[in-house]
Amino acid sequence: VTRRTGDPSQRRPGGEPADPRLPHRVGGVWADPRLPAYLVAGFAGLLGAVTLGRVELAAIGAPFLLLAALGVAGRRPPAVTGSVRLAMERAVQGDMVEGAVELEWEGEAELDVMLAGGHGVTAIEPTPDVAWHLPVGSGPVALGFRLRTLSWGVHDVGDLWVRARRPGGMLWYEAKLAAAPPLRVLPTPVRLDSLLRPKEPRAVAGSHSSRFRGSGTDFAELRPYRPGDRLRDISWATTARLGDPWVTVHHSDRTGTVLLLLDTVFAETSRSTEGLIRAARAAWAVAHVHLNAQDRVGLLARGRTPAWLPPRAGRRARWQLLEELLAVGTAAENPGVRRRTATRASVPADALVVGVTSLQSRDYLRTLLHYRRTGHQTAALIIDTADLLEADRDVIDTAARRLWLAQRSAARQELERGGVATALVTAAEGPAPAVSALRRRLGALHGARRAAR
Amino acid sequence: VKAARAWSATRRNAAVMALLTATATAIGAAAAGGSAMYLLGAGAYLAIAAMAVTYPAWIAPQVIGGSGLVAALLTGPEPLGLLVLGALLAGVITTAEVLAGAARLDRPAAGDTRLDLGRSAGAALGGAAVFLLVALVARLPGPTGLLPTAIAAAGCVLLALLLTRLADSA
């Protein structure tokens, strides 16, 4: 679900793509309620004077026409341009975030400025709303503001609205100039701990051995001795039995690489946070176990390079996971960014690719299938967000819901047909059963492929 | 952007001032008219002005109603003196200007809540002066209907020019 759509063809003079979050200028020039009143009263007086032949009626109309003329002549409201800037793009829940609104216009004008429609943040300064009244003056101006983050998630700080009027004018210019950049807010440590605490440590998705061999302790195979092998690796029992020197080969201590391919296409405030929580829990259920098993766990949400989680499954890893989820959420809202980051990343040859998705994006579906086709073990945890939809109000809503579920089911079948094991993470059961189911499916698929070979 | 906000003290004072001016205008009109019709008209004008305190869109009916009331007094069987009519017209304009000022104070930002009363007073005085001037000129001997026709034509030309300028600059 994309919250805003923009016209990607819009370009700034310099050629760089316009911010898709502020594609459409809303608003225009509006008249003060006095203007139509004065015009009607003025012309009615004059018309009455002419039609009724009562000269004195013109005297009533004339002052109103004069006032209307004075309110309009030379007082066309200025076109204001502006932007919103935040000092930081990510914060922790409860942090204070500073920002500034920059405005520019020509000539003398009186302005009302407001950041409206934000959520997840509250105004500290100015208060109670992030709004300013600028008395008659000229631009440019920069207006600082401070906000406090209330909840975690990707938050809209709001849209920049402005209303400008020339002194004494009866026309004003009102427009939505820009949208503030999104703010990624991470949960507090306490909230993070409660949010991503694994409920069932048995959940292991495809706990697998690495294809790479090394100086670990897990047995991999026996093979004839080659020059250069260490003497300590010689299996004396096998050597005695077969008559030739054989060595024991072990798996590396780092058993494998798991890449979590994150895809969050959730939107709409509270529902988006709930969707993010579910995706984060599912991703963390996989990441936590693999980190504990000394696997290398990477997150792939944007760009071409995975973000590798630190070896221990600590708070830093959880924060990093959430931040990647929030970042990909932002990218989903922003079609321009989405397009730029849709390039597939290079994935290590031995990596198990686990998608965490709500299956709303065709691009994402194709990416998963691509990794499967290129020989990676691939699985997908499908986050069920059906219960986050608003209740059906009419038959159209019901039909839309059924259509959406049918599309999701078709996408899941497409993944299965392509050799990608899938499991549904429901709100009631949490990620553990799905991860266990995925583990079984991966094991079965792996066995079937081995048998086929 | 619009949201229910508490009224600032300045806006409350402006609303009271607008209502007082409208009441004085209505009382003046009813007293000058001296009939039930004028009393009814004055009451309706006051009710419309009260509505305009909360809903700025009612400023247009307030101005049109007020000017209609003054026009009725001007063209009645016993025409009033120009000064009285000028004062009533100034009352209508003052009410509209103060109401518009109060509506502008309905803004989310705190801080500067000054009401430009000087501009309202200037508009009222200017309006009354133009009224008196045109009314006096209209009483000069001459062909009946020539002067208002000339003023109407001039007004139309002025408005056309203004609209053209706006369209060009938009």
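Presented here is a report on the structure given in the accompanying data block. What you see is a predicted model; the values in this text were computed from it and never measured.

1. A closer look at the side chain of Asp-233 of chain A
Mapped onto the elements, Asp-233 of chain A comes out in the loop between strand 13 (213-224) and helix 4 (236-242). Setting aside chain neighbours within four positions, we find Asp-233 of chain A in contact with Trp-246, Val-247 and Thr-248 of chain A.

2. Quick look at the packing of aromatic side chains
Both the distance between ring centres and the angle between the ring planes are used here to describe each pair of aromatic rings. All names here are of chain A. Per the stated rule, a full pass over the model turns up two aromatic pairs over all chains. Summarising the aromatic geometry, the rings of Tyr-38 and Phe-64 are spaced 5.6 Å apart at their centres and angled 45° between planes, so their arrangement reads as tilted. With Tyr-38 in helix 1 (residues 34-52) and Phe-64 in helix 2 (residues 56-72), the pair connects residues that are 26 residues apart, well separated along the chain. Each member of the pair, Tyr-38 as well as Phe-64, is classed as buried. Across from the ring centre of Trp-172, 5.4 Å away, lies the NZ or CZ of Arg-163, which sits over that ring.

3. As for the nonpolar core
Buried together is how nonpolar side chains tend to be arranged in soluble globular proteins. The biggest cluster of nonpolar side chains holds 70 residues, and the ones touching the most others in it are Val-101, Leu-103, Leu-111, Val-113, Phe-145 and Leu-260 of chain A. The element best represented in this core is helix 5 (residues 269-292) of chain A, accounting for 11 residues. Counting residues in hydrophobic clusters, the runner-up holds 56 residues, among them Ala-49, Leu-73, Leu-80 and Ala-135 of chain B.

4. Brief notes about the sheet that holds strand 4 (residues 96-104) of chain A
Residues and elements named next belong to chain A. What the four strands build is an open sheet, ordered 2-4-8-6; its pairing is antiparallel. Both outer strands of the open sheet, strand 2 (81-86) and strand 6 (121-125), are each paired with one neighbouring strand and no more. Neighbour-to-neighbour, the strand axes of this sheet turn through a mean angle of 30°, independent of strand direction. Here strand 2 runs beside strand 4; their pairing, made up of six bridges, is antiparallel. Following the sheet pairing, Arg-85 is matched in strand 4 by Ala-100.

Basis of the calculations
Sequence positions are assigned chain by chain, starting from 1 and proceeding in written order. By the order in which they are written, chains take letters starting at A while ligands take numbers starting at 1. It should be noted that, the model being predicted, local features are given only for residues of pLDDT at least 70 and side-chain atom pairs only at 80 or more, the latter also being counted only at that level, while totals for whole chains, interfaces and linings use all residues. Values reported for side chains reflect all heavy atoms of the structure, with hydrogen atoms and water molecules removed beforehand. Numbering of helices and strands runs from the N terminus; a helix is a DSSP stretch of H or I covering at least four residues, while a strand is a stretch of E covering at least two. The contact criterion used is simple: two residues touch if any of their non-hydrogen atoms lie within 4.5 Å. Think of it this way: a Phe, Tyr or Trp ring, Trp meaning its six-membered ring, pairs with another when their centres are within 6.5 Å, and the plane angle makes it stacked under 30 degrees, edge-to-face over 60, tilted otherwise. Partly exposed describes any residue whose relative accessible area lies between the buried limit of under 20% and the exposed limit of over 50%, with all areas from a 1.4 Å probe on protein chains only and scaled to the type maximum. Sitting over a ring, as applied to charges here, requires NZ of Lys or CZ of Arg to be within 6 Å of the ring centre and within 35 degrees of the ring normal. What we call a nonpolar core is a set of buried Ala, Val, Leu, Ile, Met, Phe, Trp, Tyr and Cys residues that are connected through their side-chain atoms within 4.5 Å. A pair of strands counts as paired when DSSP detects no fewer than two bridges linking them. Between the N-to-C directions of two axes lies an angle of 0 to 180 degrees, each axis being a line fitted to C-alpha atoms and, for a helix, fitted only over the stretch in contact.

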